[in-house]
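Next come the chains, spelled out residue by residue.
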Amino acid sequence: MRARNGLLTRISKSNVPGPNGRPNSHHLNVTRLSQAGQASSLSPVSTLRNKQAERQTDMASVAAASKRPATGGREGDQMVITPLGAGNEVGRSCVHMTFKGRTVLFDCGIHPAYSGMAALPYFDEIDPSTIDVLLVTHFHLDHAASLPYFLEKTTFKGRVFMTHATKAIYKLLLQDYVKVSKVSVDDMLYDEQDILRSLDKIEVIDFHQTMEVNGIRFWCYTAGHVLGAAMFMVDIAGVRILYTGDYSREEDRHLRAAETPQFSPDICIIESTYGIQQHQPRVVREKRFTEVVHSTVAQGGRVLIPAFALGRAQELLLILDEYWSNHPELHKIPIYYASPLAKKCMAVYQTYINSMNDRIKNQYAQSNPFHFKHIESLNSIDNFHDVGPSVVMASPGGLQSGLSRQLFDKWCTDKKNSCVIPGYVVEGTLAKTIINEPREVTLANGLTAPLHMQVHYISFSAHADFPQTSTFLDELRPPNIILVHGEANEMSRLKQRLISQFDGTNAKVVSPKNCQSVEMYFSSEKMAKTIGRLAEQVPEASEPVNGLIVRKGFTYQIMAPEDLRVYTQLSTANIIQRIAVPYSGSFEVIRYRLKQIYESVESAPEECDVPALVVHERVTVRLDSESYVTLQWSSDPISDMVSDSVVAVILNISREGPKVVPVEEAAKTKEETERVAQKVVYALMASLFGDVKVGEEGKFIISVDGVVAHLDGHSGDVECENATLRERIKTAFRRIQGAVRPIPLSAS
Amino acid sequence: MGTSVQVTPLSGAYGESPLCYLLAVDGFRFLLDCGWSDLCDPSQLEPLAKVAPTIDAVLLSHPDMMHLGALPYAMKHLGLSAPVYATEPVFRLGLLTMYDHFLSRWQVSDFDLFTLDDVDSAFQNVVRLKYSQNHLLRDKGEGIVIAPHVAGHLLGGTVWKITKDGEDVIYAVDFNHRKETHLNGTVLTSFVRPAVLITDAYNALNNQGYKRKQDQNFVDALLKVLASGGSVLLPVDTAGRVLELLLILDEYWGQRNLKYPIHFLTNVSTSTIDFVKSFLEWMNDSISKEFEQNRDNPFLLKNVSLIINKEELEKLGDAPKVVLASMASLEVGFSHDIFVEMANDTKNLVLFTEKGQFGTLARMLQVDPPPKAVKVTVSKRIPLVGDELKAYEEEQERIKKEESLKASRIKEEELKASHGLNAKASDPMTIDGSSSRKSSNAGSHFGANVDILIDGFVPPSTSVAPMFPFFENTAEWDDFGEVINPDDYMMKQEEMDYSMMHGSGDGLDGKIDEGSARLLLDSTPSKVVSNEMTVQVRCSLAYMDFEGRSDGRSVKSVIAHVAPLKLVLVHGSAEATEHLKMHCAKNSDLHVYAPQVEETIDVTSDLCAYKVQLSEKLMSNIISKKLGEHEIAWLDAEVGKEDEKLILLPPSSPPPPHKSVLVGDLKLADFKQFLENKGWQVEFAGGALRCGEYITVRKIGDSIQKGGAGSQQLVIEGPLCEDYYKIRELLYSQFYLL
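Residues numbered from 1 in each chain as written. Chains lettered and ligands numbered in written order. Predicted model: local features only at pLDDT ≥ 70, side-chain atom pairs only at ≥ 80, totals over all residues. Heavy atoms only, no water.

**With respect to the overall build of chain B**
Summing up its helical and strand segments, chain B has 22 helices and 34 strands in all. Taking all 738 residues of chain B together, the buried fraction comes to 53%. By sequence separation, contacts in chain B at least 24 residues apart represent 74% of the contacts at least 6 residues apart. When the accessible area of chain B is evaluated, it comes to approximately 32800 Å², of which 53% is carbon and sulfur surface. (Helix = DSSP H or I, 4+ residues; strand = E, 2+ residues; numbered from the N terminus. Buried < 20%, exposed > 50% of the residue type's maximum accessible area, 1.4 Å probe, protein only. Contact = heavy atoms within 4.5 Å. Areas by Shrake-Rupley, 256 points an atom, 1.4 Å probe, with all protein chains shown as cover.)

Below, the structure is given as C-alpha cells:
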C-alpha cells in the first residue's frame, strides 16, 4: 500500500511541469490517425489518445482510469500500446501493450538524468497486477534498472523474462548502481535486498527459445547492442509485435549483428536513438581509434578512454588487445581497465561465449579471447604508477566524477596526451563539453586549467543508424511502426524520413509521447479445427455441427465429447448415483404408480433376480430387499429430475398406506365386492329414505310414511303401490349404482 | 486425413546396437541419430548405406558415439549430404567426441574409416538450435516444424518434436526425468497426446535407487580403494556422462578436502571442459542461478587435473589416484591402456558407470562372474627411427619423384592436347585429370603409410629395414598365475622413452588443441606396434548405474503420462522391448509398435480433421467455462459455405437436446480434502470414500490408464437422506456440466 501512495504523490508532484523532466503535456490534442483498410484480414486503425487530459480532470481516480474499461464490441480486437517511458526521449524505456485481455510490458528502465521516483517510467498509468509478462531486452540501466522497484514494490504478479547473460550482468550492474547513486534514504527506489529478491522472480529465456505464458507466445532474436541484448517478438492470437529494444545491425568484434526475424511483425516498436544520422564504417572507426592510441603512446603520451564499464568497453578492450598482439613494439606499454564492475563482469563475458559471434566462438576453440594477454585491471588510482606512456580505460563515460575524472584532471594539460571518447555522451557532462575542444576546462577541484590534451570523438555506439533502421524496416515491412527511445528532434526527423520512404505502402509511422496510447484494431477471424469422430466427414452447407468447443490459448478445437480425453488433457466423468429409499409395500404398486406418471416404464432386462423397472431409459428402480428399493442412474440434469420425482412417488405410496391402493380391491373375491356394494347401497338408501330394512336375498324394504316398497338390490326392481315413491327409489338406486359401480361390469 | 508417418529402424531395434532410424513425415525423410558403436564396424551401417543419399535432414539427440558416431563416415562414404540439426552442446561435444575417438584409434591402428578432416567437414554444416526453438523447414519440408527440447542424460541432449499440421511426432530416446547435478530433467512429460512417440526400451527392465544414495555409494567405493592404496579407473565417454561424474567427485573432494588426485584423461579433455564452461545456459537451473548470483562456474574444477596424454599420469607412479579416461568401452583409448596396467593389482578398482556396448571389452568384464583373464591387444604408435625412418623417407622421396614424373608427363600430355585440334573439348578433361592426380597424391601418401605399417608385421615389399621385434606371447602358467617375463617390461620402458621424447618435444602443441595435435600426428612419420597379451584381471570390478537414463518404472509412467496415440519402441534388448511392449499394450489401448531393423512401419494417424471459421455471431452466444488453461463450451452450429471456406453459423432451428457432459478429473484424495474443509467426516474405507455416516463415493474401473477409452466412472451411493443430496451437490461442484 505504501508503494501505491508513493506513486500517487509522485503524480501530483510530477504534474507540475518543471525541472523533474516530466513532459508538459497539457496542450496535447486528441489526434486520430485515420487509416485505410488493409488488404489483409487485419484492419488496424490507430488513434492517439490523450491520457493526460483524463488525468487532469480526476486526479483521484488514476488507478481506476488506468484499468481501461472493457466496453464496446470491438474491445477484444483492440490493441493499445502506450510508452510509459522512452516516448520522445532517451531513457527509462518501458512500453505497455495490451491486446485480447493479455498484457505485456517491454523493458523497465530508469531515466539516468533524474533520480528517485522521477526517474521511473509512468507506472501509475497502468495496473501492474494485470500484466502477464514483462520482457527485458538488455541490462542497461535505462532498460532494466526500475525492475527491482516494479517487482518488489508494486502489485505486479506476472512473469519476467530476460536472457542468461542479461540476468547475470543485471545483478552486478544494479548492485553497483545502488552503491554509486547518491540519493537520500527516502528517495531510494530499492536497496540491495530488493535486487536479490527480484533475481528469484526473473526467469531466463534463450535466444530463439519459444515460450508461452497465458496464451502469449514470445521468443527473442539477437539484437547486437550489448552481450545478451535481445529483440522480442510477441505473438498474441496471431498478431505479432516486434520490440527491438536497442539494436545494432553491424557485427563487431564480439557481438553478432541483429537478426532479421523470419516473420514480418504486424507492429514494430523500434528505437530511434540516432535518428537519421549515419555511422562511419567499423573499419574506419577502428583504424582511427588504434591510430590515435598508437601515435599517442609512441610519442610517450597517455591515452584516457572514458567509457561506461559494460558494453562498449569490452569491445574496445578486444580491439586494443588484438592490436597489441599484432604490434610487439607496444608490449611494454601497459593497458589498464579501471573498473571493478567490469572486472566482475568479465567472468560473464568469458562464459556466455555462445551468445557472441562466430569469430569469438572460433577464437574460443583456441583460447578464451576474454582472457586478455596485454590488459590488466586496475582497482583504484592508488595502485596506478603513472610513469611513462599508458592506456587507461576508466568509467564513468561522461567524466562527471570518479577515476576517469581524476585521470583527466591529471593529464589534460599535457598536449602529448589524448582522450578518446568512444560513445554516445549525455548532454551536460564534461565529456560532451570537451568534444567541442574548449581552451580551458574546469577541474573537479574548481580550478580552471588549459586543455592541451587532444580530444577525439570516435563513436563505437552500437545503436542502429538510419541506413540500418531503414533497411531493417524495409526487409520486415511492418504495417505499423512505433518509434521510441530517441530525442524528440531525432525522432521526428526519422519519422518524416520513414513516412516518405514507405510512401505508397500501407505502413504507418507514429511516435507517441509518454503515456500517449496508440490504439489499433485487429479483427482476426477465429478459426477452429474440427477433429476426431466429428470430422469423419466434412459437412455440407446447412448441416448441423454439435459438439464441444475447446479453446486453449487462442486456438479452437471442436470435437465430440467422447474425444475430449483423446485430444486434450481434459477428461470427462460419469457419475452413477445409487440411492436406497425405504419401502416395504408391493413392487407392483410402484410399477402401477410410475406407469400412471411416466410415458415410458419398462421392465428391466431380466439380468437380475429382483424385479426392476427402467423409467425413461434413465432411472432403474430395483426392489433390493423387503424394506427398501434402490434407484440407480447416471447423473445428468434430466435424469436427476426424473429420479427425484420417482423418489417422491415412492415416498407417497408408503405414506398413504394401503387404503388408496386399488389393486388390493381387485384382489378381493366377487362376493365380497358384492357385499360391500350391498352395504354401500344400504347406507345410501338409509340416508335418503330413513327407514330401510334389509330383507332376504339382497332385498331392501323401505317404508316411507307408511308406504312400503320392496327393492331388489340386484336387478333394481321396485315393488310399490305408490308410483311416485317407486320412481324415486328407482332413480335413487340407479344413481347409487352409478356411483358404486361406475361402469357396468358386463353386459349382463 | 492425417500426416503420413513411417518409421524404419536402420540400427538399434530389438537390440542394443547404435541408434539410427529413418522417419518419413509426408515424404520428408529424417534420419534420427546416426550412431556407431566403439568398434567402428562399417558392416553395421549397411542399412544406412542403402538410404543415406535419400535423407533430407539429420537430427542428432546426444553427443556420444551411439548417437552420432557414424556421421563422418556416412558423410564421407555413404553419400549422406543432408543438413544436420543439433543443439550447440551436441554439436560441440559431439565434435570433441569424434576427435577423441579418432585420435584414440589412430594411436593404435592405421585407422582410415574417417579422418579429422572428415569429422570437421561433417560437423561444419550442423544447424545449431536452442531448446524450444521452433525451426521451420523449407522447400521439401515446407510446413514441418522441428524443435529440440530438454532430454537430460547428456549435456545438450535432445527430445525432438516434429510437428506438421498440428500433429506431433516425438523422438525421445535416452531421456532422464530426474534432475541431476549438472542437468535438468526432461520436459518430455509436458507433451500430451502426441500422434507418435518414438522412444527406447533400453532401461525397461532396470530400476534405480535414490540418486543421493547412489552418489554416496559411488564415492564410498572409490574412497575405500584409495584408502587401501589402490587406484581407481573409471572408463568414461569423452564428453557425456563424465561431466556428471566430474562434478560429483569435484564437489565431494572439495567438501571433504580430499587430497587423492583425480585425473580426467582424454585426448581433448582441456577443450572439453573449456567448452562445457561456456554451456551454462544448457545446464541445471541451480547451476545457472549460482552463476548469476556469484559467478561460480562449477566446471572450474578445482580438484580435477585435466590431462591429455598418459605421460603426465605415469609421472605420478603408483600413488592412489582416480583416473577418468575415455573410452567407456575399453576398446581403445587411454582407458584401455590404463586398464591393462591396473588390472593385475588386486588393490585397484575398475568402476564401470555405464553398461558396456555389446561385444566390447567392457561388456566382457561386466559379466557375472567376471572373467579371470582377458586377451587384449596392446598397440602403440611410435615415431619411425633410424633405418625405418630412412626407408620411409626414401619411400616418400620415391613417391614424390614418381608424382613429379607423372605430373610432368601429364603436363606434356596437356601440352599435346592443347596443341591438338579440338583443344577446347579436351580442356576440362585435363583439368579433371590433374586435380584427381592431386587428390590421389594425398591418398597415396596415406596409402604408402598403410603399406609400410600393416597390422601384424608382414614386412612390406618395399622395406629394406629389418622387421620390428615381434613378441610371441604364449602365456605360460605356473602355480602363481602367468609367468611374467621381465623383458616385456624392459621393452615397454624403452618404448615409453621414445614417446616421452616425442611428447616433450611437442608438449606445448599437445596442450592446446586438436588442430595442432593433428598437424603433429600427420607430420611425424610413425608406425604402430601391436602386441597381443593376456591380462590377468585381479583388480576388483564394479558396475554402478550412472547412465542418467530414466529407469523402467519411470519410463512406464512417462509413457502413460504422455499418452501418445501411437508408440514406437526401439533400442533395447529383445527382452526389454517385449516387456515394455506388453506393458504398454496391457495398460492402455494405444497402438504399440516395435519394428525390427529395416522393417518399415506405418504410424500414420487415423485422425480426421477439417478447419472451419467461427462466425462472430456464433461466438458471441457461446458462454464457455474456464478449466485450467482450457475454455470449453457446448457448441450447436450450422455449417455455411463461403467461397470454399467452411464457416460455422448459429443454428437456424433449435438444436436437438444433447446428452450432458461432465468435464473434469476428480482425485478422490482431493475430494476428501475438499469435503473435510467443508466440515464433513470423511474417511477412506476399502477403496471408497465414506462421507458422513451413510454415503460412499468411489471410482470404478481404472480409467486413468485407458488412454482414449472414455470417461472416469464414479459411483455415489447412500440411503435417501439429506446428506446424500448435499454430498452430491459438492461432488457436482467438482465438475463442469456442459
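**Some thoughts on the overall build of chain A**
Within chain A, the regular secondary structure consists of 21 helices and 36 strands. The buried share among the 748 residues of chain A stands at 54%. Relative to all contacts within chain A whose residues are 6 or more apart in sequence, the contacts with residues 24 or more apart total 67%. Approximately 32600 Å² of chain A is accessible, and the part contributed by carbon and sulfur atoms is 51%.

**Some details on empty space enclosed by the protein**
Residues and elements named next belong to chain B. This model, assessed by the stated rule, comprises 12 cavities of 30 Å³ or more. Lining the second largest cavity we find 27 residues, and of these D64, M66, D237, E354 and Q357 sit closest to its centre. In terms of domain composition, the lining of the second largest cavity takes at least three residues from each of domain 1 (5-107 + 116-207 + 545-602) and domain 2 (211-384 + 525-543). (1 Å grid on protein atoms, 1.4 Å probe; cavity = no way out; pocket = protein on both sides within 12 Å on 5 of 7 lines; lining within 4 Å. Points joined across faces, edges and corners; volume = space filled by probe spheres on them. Domains from an automatic or database assignment.)

**Describing the interface of chain B and chain A**
Of the residues lining the interface, 93 residues belong to chain B; the matching set on chain A comes to 86 residues. The three residues of chain B that bury the most area against chain A are B:E281, B:E292 and B:Y610, which together make up 10% of that side's buried surface. For the pair chain B and chain A, the interface holds 5 salt bridges. The shortest N-O distance in the salt bridge between A:R578 and B:E717 comes to 2.9 Å. Counting the contacts that link chain B with chain A gives 31 residue pairs in polar contact (both at pLDDT 80 or more). Tallied by class, the residues present in the side of chain B that touches chain A amount to 44 nonpolar, 21 polar and 28 charged. (Buried area = accessible area lost by both parts, 1.4 Å probe. Salt bridge = Lys/Arg side-chain N within 4 Å of Asp/Glu carboxyl O. Polar contact = N/O pair within 3.5 Å; in protein donor to acceptor, adjacent residues only side chain to side chain. Nonpolar A, V, L, I, M, F, W, Y, C, P; charged D, E, K, R; others polar.)

**Examining the packing of aromatic side chains**
Considering all chains together, one arrives at 29 aromatic pairs over all chains under this definition. Clustering of aromatic rings is evident, with ring pairs tying together A:F123, A:Y149, A:F150 and A:F156. (Phe/Tyr/Trp six-rings, centres within 6.5 Å; stacked < 30°, edge-to-face > 60°.)

**What about the domain arrangement of chain A?**
In terms of domains, chain A is made up of domain 1 (77-277 + 464-521), domain 2 (282-457), domain 3 (528-567), domain 4 (576-655) and domain 5 (672-740). For domain 3 of chain A versus domain 4 of chain A, the distance between C-alpha centres works out to 37 Å.

**A look at the domain arrangement of chain B**
According to the domain assignment, chain B contains domain 1 (5-107 + 116-207 + 545-602), domain 2 (211-384 + 525-543), domain 3 (613-649) and domain 4 (662-737). For domain 1 of chain B versus domain 4 of chain B, the separation of C-alpha centres amounts to 43 Å.

**Considering helix α6 (residues 164-180) of chain A**
Taking 1.5 Å per residue, 17 residues should reach 24 Å; α6(A) reaches 25 Å between its end C-alpha atoms and fits that length. The largest bend along α6(A) reaches roughly 25 degrees and is located at A:Y170. (Expected span 1.5 Å × (residues − 1). Bend = angle between axes of the 7 residues up to and from the residue.)

**Some words on the UniProt feature "domain: Metallo-beta-lactamase" (unreviewed entry) in chain B**
According to UniProt, the feature "domain: Metallo-beta-lactamase" (unreviewed entry) maps to residues 17-222 of chain B in the numbering used here. For residues 17-222 of chain B, the end-to-end C-alpha separation is 31 Å, with 29% helix and 24% strand making up the annotated structure. (UniProt positions renumbered as here; feature names shortened; annotations may be inferred.)

**Observations concerning the sheet that holds strand β23 (residues 591-593) of chain B**
Residues and elements named next belong to chain B. Within the open sheet, the 7 strands sit side by side as β7-β8-β9-β10-β11-β22-β23. Their pairing is mixed. The open sheet terminates on both sides in strands that have one partner only, identified here as β7 (135-136) and β23. Here strand β22 (residues 566-570) runs beside β23; their pairing, made up of 3 bridges, is parallel. Directly across from V568, in β23, lies its bridge partner Y593. (Pairing = 2+ DSSP bridges.)

**Some thoughts on the confidence of the model for chain B**
Residues and elements named next belong to chain B. Per-residue pLDDT for chain B averages 80, and the proportion of residues at 70 or more is 83%. Confidence drops under pLDDT 50 across residues 491-520; counting only partners more than four residues distant or on other chains, this segment forms 26 contacts. Overall, residues 703-709 carries pLDDT values under 50, and its contacts beyond four positions in sequence, including any with other chains, amount to 20 contacts. (pLDDT = per-residue confidence, 0-100.)

**Concerning the pairing of strand β20 (residues 526-536) of chain B**
Residues and elements named next belong to chain B. With 8 of 11 residues buried, β20 lies mostly within the body of the structure. The sheet contact formed by strand β17 (residues 373-383) and β20 spans 11 bridges and is antiparallel. When the sheet's bridge partners are listed, V374 is paired in β20 with V535.

**Comments concerning the nonpolar core**
Of all hydrophobic cores here, the largest spans 160 residues; its most connected members are A:F289, B:L48, B:F123, B:F218, B:L234, B:L249 and B:L324. If one sorts the elements of this core by residue count, helix α4 (residues 88-108) of chain B sits on top with 10 residues. If sequence neighbours within four positions are ignored, B:F123 has contacts with B:L68, B:L71, B:F91, B:G94, B:L95 and B:M98. Grouped together as the second largest cluster of nonpolar side chains are 44 residues, A:V601, A:V649, B:L662 and B:C691 included. (Core = buried A, V, L, I, M, F, W, Y, C linked by side-chain atoms within 4.5 Å.)

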